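Fold and contact review
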Amino acid sequence: MAETALPKGYEPHDVEARWREHWESEHTFTPDPKAPGEPYSIVIPPPNVTGALHMGHALNLTIIDLLCRHARQKGKNVLWIPGEDHAGIATQNVVERQLAKEGTSRHKLGREKFLERVWKWREDYGNRIVSQIKAMGASVDWTRERFTMDEGLSRAVRRCFVDLYRKGYIYRGKYIINWCSRCHTALADDEVEHQPVKGHLWHIRYDLEDGSGSIVIATTRPETILGDSGVCVHPDDERYKGMVGKNVIIPVVNRKAPLFADKYVDREFGTGALKVTPCHDPNDWMLGHRYKLEFIQCIDEDGVMNENAGPYKGMTKEACREKIVADLEAEGRLVKVEDLDHGVGHCYRCKTVVEPHVSEQWFVATSKLAPMARDAVPSKTQIFPDNWEKIYYNWLDNMRDWCISRQIWWGHRIPAWTCQQCGELIVEEEAPHACPKCGSADLKQEDDVLDTWFSSALWPFSTMGWPDKTPELKKYYPTSILVTGFDILFFWVARMMMMGLFNMNQVPFHHVYLHALVRDAEGKKMSKSSGNVIDPLVMIDKYGTDALRFTLTAFAAMGRDIRLSEDRIEGYRHFVNKVWNASRFALMNLGDEAPAPVAPAQVKSLHNRWLLHRLEELKDEVDQAIESYRFNDAAQALYKFLWNEFCDWYLELIKPDMREDADPAAKAESQYVLWLALREFLILMHPIMPFMTAEIWKALPEPADLAEPDLARVLYPAARPECRQPEDAARMIFIQGAIGAVRTIRAELNIAPSYKLTVLFRPADQAQAALLEQNRTVITTLARLGEMMVDTAGEAPKASASHVVEGCEVIVHLSGAVDFQAELARLEKELGKIAKELGGLTAKLANQNFVSRAPAEIVKREQDRVAELTDAKEKLTNLQARFKAIM
RNA sequence: GGGCGGUUAGCUCAGUUGGUAGAGCGUCGGCCUUACAAGCCGAAUGCCAGGUGUUCAAGUCACCUACUGCCCACCA
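What you see is a predicted model, and the numbers here were worked out from it, not measured in a lab.

Calculation notes
Residues numbered from 1 in each chain as written. Chains lettered and ligands numbered in written order. Predicted model: local features only at pLDDT ≥ 70, side-chain atom pairs only at ≥ 80, totals over all residues. Heavy atoms only, no water. Pairing = 2+ DSSP bridges. Helix = DSSP H or I, 4+ residues; strand = E, 2+ residues; numbered from the N terminus. Phe/Tyr/Trp six-rings, centres within 6.5 Å; stacked < 30°, edge-to-face > 60°. Buried < 20%, exposed > 50% of the residue type's maximum accessible area, 1.4 Å probe, protein only. Axes fitted to C-alpha atoms, helices over the stretch in contact; angles between N-to-C directions. Parallel < 35°, antiparallel > 145°, perpendicular 65-115°, else oblique. Left-handed = near helix turned anticlockwise from the far one by under 90°. Contact = heavy atoms within 4.5 Å. Nonpolar A, V, L, I, M, F, W, Y, C, P; charged D, E, K, R; others polar.

1. A few points about the sheet that holds strand β16 (residues 402-403)
The strand order across the open sheet formed by 4 strands is β6-β5-β14-β16, and the pairing between neighbours is antiparallel. The open sheet has two edge strands with one neighbour each: β6 (185-187) and β16. Looking at chain direction, strand β5 (residues 170-180) and strand β14 (residues 354-364) are connected through 11 bridges and run antiparallel. Bridge pairing links I170 to V364 in β14.

Below is the structure:
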């Protein structure tokens, strides 16, 4: 397979394109539900058709993809369903804007023509998001791609609606809802964003009907006075005790209305007297019903004052406010104007101020569905990180019924018809031909469509073919895990829970992983308006997908927001490059065929035994990190292994073995371990960096019985417990320490790297002596020694620099050219460090409580450390004295 | 008003059962050592926001304070 060596530089674009095409044409990620293997399934959080890929998607796709690829490696039967959301209001708005540019509008086009335009839009732009998902390397099954408005899903929506309706979970009624006068539709409570607005609090005097006085109310919205039908005070408010039960005269309109008392009123706020406008405030709506007040609507659907506004009719609500305040002032009723910062609801799609508005709408009685969704957590569905549980509960416990009708055209039209003859309401999955009550064929379908989240709520099972009984549902439902941003916990996750339980009688997923929001370097939310967006596609273009994916994974610590900046991606691109170059080096030193295996027990050299040991640890570490959703730990473990161990040490350590004149047995052994380590590293790295690892894999020689050219199909490497040799790891640390000691001396005394040093090692014991002898070549090479002596009784020359490593004295011979003062300073510094640590430890061990209460192994460890430090101190002091003698 | 999080090296952040701290970028010194200068070798830098408590031992657990984000909520 290794017919071509890897090119010198990694070219992400070509490599990525090739693998993407390969995986798609080979249907690598299309699973068979009838195949064995424990099911592992995930549905994509469907991006809006109108949208473009942003960093949030990139993070989401990276995490899901790494989970899926990892699950495949563990032999699971993995299904990841892709798709897009029709995003009702958002999409309709975009298309309407386009129409406006063309000088037309949806009303001019009519419903049918308008919908054609939206579908055309979906055709043009739905592909864009799809190609962007592909660019991320997402291992989704494109043969099962779904769209929330496709025929199958529309059928699921109708079925669910009818079921809910027949069981009494859906009702229609006149209620006060949130109304966006720009989008011209109702909004659900959570589609309203509250933003602080600098407003005013107007204090206005209302006269009592009997002429006995007046009461001053405070309001932020004087224009709604026209719809007032009462004034309310707190029952215990002494100021108004005598007035309760009388009538007031509403100014401007001169209407009589009751003054009543209810505990709802906050005595501290304003004047403690509240004007009640049942049609234009949700709380007043509630009071209006409780006290059977008049319901007077004075603002229409466009935000314009209507006939109930008398002289103000035809004004916008803003204009009306100004006029009415002026009029009240002229009448002397305006007592005071205060500045007031308060939260005002805005449409989450177009940012228009949302108006409470009374109209006929459809609702889901979520209050009846919420308890089961609540009870399923955490027993059936577990949320990660679990602090979101509380927030989930809190939301479900306080949820009001869900307004699901929208007065727009793009969406699932509500499957309800009204008989124009007898008024009968018919709710059916398919269009009825005649009224079941009177037989008339004159039926009119509901104009409204359903809230986008209604279809999204069915996504985990509608994508699998529900309401049909499909093999997919049987195998893959409930899904294994839902991965999404916490910002849609309520919008989406909670509703899927309710709908999954209602329709399937089972939770939609076993786990929910809520990942962070990606913010900019300053911690601000990325948005087009702030101009701080880092476009993942631009990053992919500049640094490659693998670099972006690795960066996102490395920053995906649970429960924290990610602050992303470009130089971090650039930084990790260096790592991608490092992997590439290390692989090139390995391939250069491997033949065209896979090296012959060497049994673990037969592996002789320390560096090979050490690396095999570390490889075992790494396999465990990465596996456990991914399974417990600690993605950053997985990335970090791989990073450190590859760079700080494999590259910085191992590749250097085997260089002597790879020389022409090296011992053939040693060379064969190192080639095998090198091959094995790279091979398994690539597998472990693949879920995070799919493209590059696949490319290197293809070039890696494989024995015939293992040959699998596509890394995406390779299983996770099995453990080799016999390779776990902690003693070898300890030995390696000693060798590294010995080499490091020489390097430090060289650097700090400013000795040229090319100068071959003469070094005497005075080992602490026989074992160390043997270890040093066995690794003579390695030490000589890496420390760049001319002569290396190992002698317990060796005589240190006076002109020498020294260091102690685990009791072994490292004595570097110095020639006359070096800076003796520098060595003296170095020794002083070293002894200072030792003294400081020793001081702390001695005090600790002198503490009886510590010695008696701490676990024996901890005490032992500290005692050993003291012994080692004392020894090092003594040796260094002696060497220092010797050294001083020549100065 | 309620809830959740953050405060660790110059900057941005890691740190799962409590045992005196790590990475990336940046800084300083030295290297073109035949995989990689997007690199190599070495170095510096932290009373882990402040306080109290639990403990032999606290960045890690509990409580309090300060600052700082975010979410929810019907104060007009």
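Text resumes after the structure shown.
2. Re the packing of aromatic side chains
Within this structure, the stated rule accounts for 41 aromatic pairs. Here the aromatic rings of F575 and W643 are separated by 6.3 Å at their centres, their planes lie at 15°, and the arrangement is stacked. With F575 in helix α17 (residues 566-589) and W643 in helix α19 (residues 631-658), this pair connects stretches of sequence that are 68 residues apart. Looking at F575, the relative accessible area reads 0%, which means it is buried. Overall, W643 belongs to the partly exposed group, its relative accessible area being 22%.

3. Overview of the packing of helix α2 (residues 55-73) against helix α18 (residues 606-627)
Look at α2 against α18: their axes get within 11 Å of each other, and the N-to-C directions meet at 125°. As the angle between them shows, α2 and α18 are arranged oblique. The two elements α2 and α18 cross, and the hand of that crossing is left-handed. Contact residues: α2 offers L66, L67 and H70, while α18 offers D623, I626 and E627. Classifying every residue of the contact of α2 with α18 gives 3 nonpolar, 1 polar and 2 charged.

4. A word on the packing of helix α15 (residues 536-543) against α17
The interhelical angle for the contact between α15 and α17, taken along N-to-C directions, is 35°, at an axis separation of 11 Å. Relative to α17, the crossing made by α15 is right-handed. The residues of α17 that touch α15, namely those facing M539, K542 and Y543, are E566, I569, E570 and R573. For the contact of α15 with α17, a count of residues per class yields 3 nonpolar, no polar and 4 charged.

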